[in-house]
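Architecture at a glance
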Amino acid sequence: MDASKSSNVAFGEVSLNVKGEAKLIHGANALTAEVTMYATDWCPFCVRAEKLLVSKGADLKKINVDEQPDRRAEMVEISGRRTVPQIFIGSRHVGGYDDLVSLDRGGELDVLLKNIS
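Reference entry: report on the structure contained in this document. Predicted, not measured: the structure shown is a model, and the values here were computed from it. (Residues numbered from 1 in each chain as written. Predicted model: local features only at pLDDT ≥ 70, side-chain atom pairs only at ≥ 80, totals over all residues. Heavy atoms only, no water.)

We now examine the packing of aromatic side chains. Applying the stated criterion across every chain yields a total of 2 aromatic pairs. Centroid distance Tyr38 to Phe88: 6.1 Å. Interplanar angle 70 degrees. Geometry classified as edge-to-face. Residue Tyr38 is located in strand E4 (residues 35–39), and its partner Phe88 is located in strand E6 (residues 86–89); the two are separated by 50 residues in the primary sequence. With 5.9 Å between their ring centres and 40 degrees between their planes, Phe45 and Tyr97 make a pair best called tilted. Within this pair, whereas Phe45 is found in helix H1 (residues 44–55), its partner Tyr97 is found in helix H3 (residues 97–105), the two being separated by 52 residues in sequence. Arg48 extends its terminal NZ or CZ atom over the ring of Phe45, reaching a point 5.3 Å from the ring centre. (Phe/Tyr/Trp six-rings, centres within 6.5 Å; stacked < 30°, edge-to-face > 60°. Helix = DSSP H or I, 4+ residues; strand = E, 2+ residues; numbered from the N terminus. Lys NZ or Arg CZ within 6 Å of the ring centre and 35° of its normal.)

Geometrically, the link from Val84 to Pro85 is a cis peptide bond, its omega value of 0 degrees lying close to zero. With respect to the element layout, Pro85 can be found in the loop between helix H2 (69–79) and E6.

Buried within H2 are the following residues: Arg71, Glu74, Met75, Ile78 and Ser79. Down the axis of H2, the smallest arc covering the buried residues is 105 degrees, so these residues share one side. Among the exposed residues of H2, those oriented more than 90 degrees off its buried face are Pro69, Asp70 and Glu77. Backbone geometry just downstream of H2 places Gly80 in the positive-phi region, at approximately 80 degrees. (Buried < 20%, exposed > 50% of the residue type's maximum accessible area, 1.4 Å probe, protein only. Arc of directions from axis to C-beta.)

Its location among the elements puts Arg71 in helix H2. Considering only alpha carbons, one finds Arg71 and Tyr38, 33 residues apart in sequence, at a separation of 8.2 Å. In this structure the side chain of Arg71 is engaged in a polar contact, spanning 2.8 Å, whose partner is the side chain of Glu74. (Polar contact = N/O pair within 3.5 Å; in protein donor to acceptor, adjacent residues only side chain to side chain.)

What follows is the structure, given as structure tokens:
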């Protein structure tokens, strides 16, 4: 994405302005719902969440909140949580790593990822 251009991505009631600061990580399957993860590079749960999502073929938009402190405030505003990772699949706030694993174990993660939004 060209950093000089911006686009809006809707998360339920909240509109998130994406200006190209997010890192796009392509999974093996291009036919998945849009996944956005607020994370840090040093967080082990963020690394695990990224590995799980990429292994499922998700195209992951990773927003590093350490490099972009204003994006951390944005994360708190739209998720209501201060910890990382915070993961969104389409417009649904999934939560953190434990929530993601719970969805995977219950068979819901694959369904959410295949629901193109």
